[in-house]
Amino acid sequence: MLFGIGGKLLYAATRVALPPLALAHMGLAEYGLWAACFVLVGYLGMAASGFTLVYLRGTARHHAAGDTAAIGRLLSTGMLAMAALATLLLGALALGMPLLLALFQVPAEQQAVARLLWLGAAGVFLADMSLGAFANVLHAIGRVRQEQQVWVAAFVGETLLIVALLQGGAGVLGLLAAFALRYVFSASANAVLACRALPGLRISWRHFEPGLLRSFFGFGAAMQLSGLWATALHSAD
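From a predicted model like this one, the values you see are computed outputs, not experimental measurements. (Residues numbered from 1 in each chain as written. Predicted model: local features only at pLDDT ≥ 70, side-chain atom pairs only at ≥ 80, totals over all residues. Heavy atoms only, no water.)

A.B. asks: Give a description of the side chain of T59 that names residues and reports values.
C.D. replies: With respect to the helices and strands, the residue T59 is situated in helix α3 (residues 46-64). Side-chain polar atoms of T59 contact the backbone oxygen of Y55, separated by 2.7 Å. In this structure T59 touches V54, I71, L74, V137, A140 and I141, once residues within four positions along its chain are discounted. (Helix = DSSP H or I, 4+ residues; strand = E, 2+ residues; numbered from the N terminus. Polar contact = N/O pair within 3.5 Å; in protein donor to acceptor, adjacent residues only side chain to side chain. Contact = heavy atoms within 4.5 Å.)

A.B. asks: Which residues make up the pattern of salt bridges, and what are the values?
C.D. replies: For the structure shown, the criterion picks out three salt bridges. Here R15 makes a salt bridge to E158, at a shortest N to O gap of 3.4 Å. Placement of the pair is R15 in helix α1 (residues 2-23) and E158 in helix α8 (residues 144-167), with a sequence separation of 143 residues. For R15, a relative accessible area of 25% corresponds to the partly exposed category. With a shortest N-O distance of 3.0 Å, E209 and R73 are connected by a salt bridge. Of this pair, E209 sits in the loop between α9 (172-197) and α10 (213-236) while R73 sits in helix α4 (residues 68-95), and the two are 136 residues apart along the sequence. Judged by its relative accessible area of 31%, E209 falls in the partly exposed class. (Salt bridge = Lys/Arg side-chain N within 4 Å of Asp/Glu carboxyl O. Buried < 20%, exposed > 50% of the residue type's maximum accessible area, 1.4 Å probe, protein only.)

A.B. asks: I'd like a rundown of the nonpolar core, residues and numbers included.
C.D. replies: One finds W34, Y55, L75, L117 and W118 to be the most contacted residues of the largest nonpolar core, which totals 58 residues. Take this core: its biggest share by element is eleven residues, from α9. Filtering out sequence-adjacent residues up to four positions away, L117 remains in contact with L33, W34, C37, V172, L173 and L176. (Core = buried A, V, L, I, M, F, W, Y, C linked by side-chain atoms within 4.5 Å.)

A.B. asks: Explain the packing of aromatic side chains residue by residue, including any values.
C.D. replies: Enumeration according to the criterion identifies eight aromatic pairs in this entry. Cluster of aromatic residues (ring-pair linked, three or more members): W34, F38, F179 and Y183. (Phe/Tyr/Trp six-rings, centres within 6.5 Å; stacked < 30°, edge-to-face > 60°.)

A.B. asks: Any chance you could break down the packing of helix α2 (residues 28-44) against helix α6 (residues 111-131) for me, citing the residues and the numbers?
C.D. replies: The interhelical angle for the contact between α2 and α6, taken along N-to-C directions, is 35°, at an axis separation of 9 Å. Judged by the twist between their axes, the crossing of α2 over α6 is right-handed. Between α2, through L33, W34, A36, C37, L40, V41 and L44, and α6, the contact on the second element is made entirely by V113, A114, L117, W118, A121, A122, F125, L126 and M129. Its residues placed into classes, the contact of α2 with α6 shows 16 nonpolar, no polar and no charged. (Axes fitted to C-alpha atoms, helices over the stretch in contact; angles between N-to-C directions. Left-handed = near helix turned anticlockwise from the far one by under 90°. Nonpolar A, V, L, I, M, F, W, Y, C, P; charged D, E, K, R; others polar.)

The values reported here are purely geometric and, on their own, carry no functional implication.
In structure tokens:
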């Protein structure tokens, strides 16, 4: 419990410290483009909120029954379904980019950077929504501390990378690179820990089970709509 609280306090401290550091190495306009990434990511994240609840509930139930094969089928189905959904969402974002650039009033000379940042950040986040299922597995089987340790190591590593890249003159693209490497590390580490905790866990397209889609797009969709409504209200506020 103390580790979790300490991790959250440390995370809050890094998030407070990073904006002044970033602004010392780039203009406000560039940093504003980076901040806008997370407005978009907030809405994209709603696509995974229902999946997370299905992973947690299903994994906990199958783990209690000692059915590792069922966990493999659940993850294989959810990850493949999310990968397909993520591809559609990223395509829609790319098609809607001219509208978004106009909505955010991005000057013509900054539009190329904005496209790279927004599509890059969205791509990283959407990839993590599929591969990040292993973090939910660790949480569901009671390995919460391990999942939190990976999270702390990931954001601390991201912070150090940001400092190094900004000092090296990478500018706003350095923020994107550090963001991507953070999620590559966390997804890989959680996958290794989940497979160690559940010997025999297998993830493959061969384990895709169409019948499980009802859970992801039925119960999961209801949770997604609730989260989307809350996000929209927050944005309006």
